[in-house]
Amino acid sequence: MSFNLPSLEDKPTYVRGMFDRIAANYDLINRLMTGGRDTAWKRSVLRLAEPKAGGQYLDLCTGTGDIAFLLADIAGSTGSVKALDFSEGMLEVARQRPWSGPAITWIQGDACDLPFEDGSFDAVTVGYGLRNVQPLEKALSEIHRVLKPGGRFVSLELGKPKVKVVRWGAELYEYRIVPAIGSLVSGDRDAYRYLPHSNRSFPDQRELAERLRALGFKDVKVHDRMLGAVAIVAGTR
């Protein structure tokens, strides 16, 4: 069934409204869609970000804060974690989650216009967020700008497998199963039809790595999961 993605001009408003609508059930649907594997992938993001106690960290497109909480647990009370998202609805869910660790600063904002000074962070992370950002190059440039020299950037996204049969299976799951799960749990089928279509128009993990290199990131590597259906791309400023 066809699905029309929003225009570039309409995308910010569309994305914000969509995530506001599905925020309450977002975590549950993610766990169901991935069989709980999303938590392991986010811990892989944490390892690749190489956080340390006392460090300064930024989690972009933080959603309900899964990665931000992991970062804060390591940064500790002497460090700092800022978590930014476009959707106030998602941030509200994050703020209400049980948490007794170090404080996290929750910020409603735009990844293409980060409200931070140059060289502010030891690492910047983003989980399932870059494909919702427009223009992508602006967001990547902003990430490079706010990282300290030697700082790490790590992105977790849906990937595009190289092997044809694996790619076919991944697309079947994304286009058929994901909308069904999303519709059943959230009642918002269109939000979960947006997911695979937005991934189709997003660069694959190898192209994303090349774009990071072009911006000056070093030691850029792709870490495939699920035979490339999920991908983590990491680099150093």
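*Asks:* If you had to explain helix α8 (residues 189-200) to someone new, which residues and values would you point to?
*Replies:* Between the first and last C-alpha of α8 there are 18 Å, a value that for twelve residues agrees with the 16 Å anticipated at 1.5 Å per step. Summarising burial for α8: nine of the twelve residues are buried, a large majority. Listed in full, the buried residues belonging to α8 are A191, Y192, R193, Y194, L195, P196, H197, S198 and N199. Its buried side turned inward, α8 meets α1 (11-22), α2 (26-34), β5 (147-158) and α7 (164-186).

*Asks:* How would you sum up the packing of aromatic side chains? Please name residues and give values.
*Replies:* Enumeration over the complete set of coordinates arrives at six aromatic pairs. Their ring planes at 50 degrees and their centres at 5.0 Å tell us that F69 and W99 sit as a pair that is tilted. A residue pair is termed long-range when its members are at least 10 positions apart, and F69 in helix α4 (residues 66-75) and W99 in the loop between α5 (88-96) and β3 (105-108) qualify at 30 residues. An aromatic cluster is present here, built from F69, W99 and W106 joined pairwise through their rings. Here the basic side chain of R16 rests over the ring of F86, its NZ or CZ set 4.1 Å away from the ring centre.

What counts and what doesn't
- Residues numbered from 1 in each chain as written.
- Predicted model: local features only at pLDDT ≥ 70, side-chain atom pairs only at ≥ 80, totals over all residues.
- Heavy atoms only, no water.
- Helix = DSSP H or I, 4+ residues; strand = E, 2+ residues; numbered from the N terminus.
- Expected span 1.5 Å × (residues − 1).
- Buried < 20%, exposed > 50% of the residue type's maximum accessible area, 1.4 Å probe, protein only.
- Contact = heavy atoms within 4.5 Å.
- Phe/Tyr/Trp six-rings, centres within 6.5 Å; stacked < 30°, edge-to-face > 60°.
- Lys NZ or Arg CZ within 6 Å of the ring centre and 35° of its normal.

Honestly, it's all geometry; don't read function into it.
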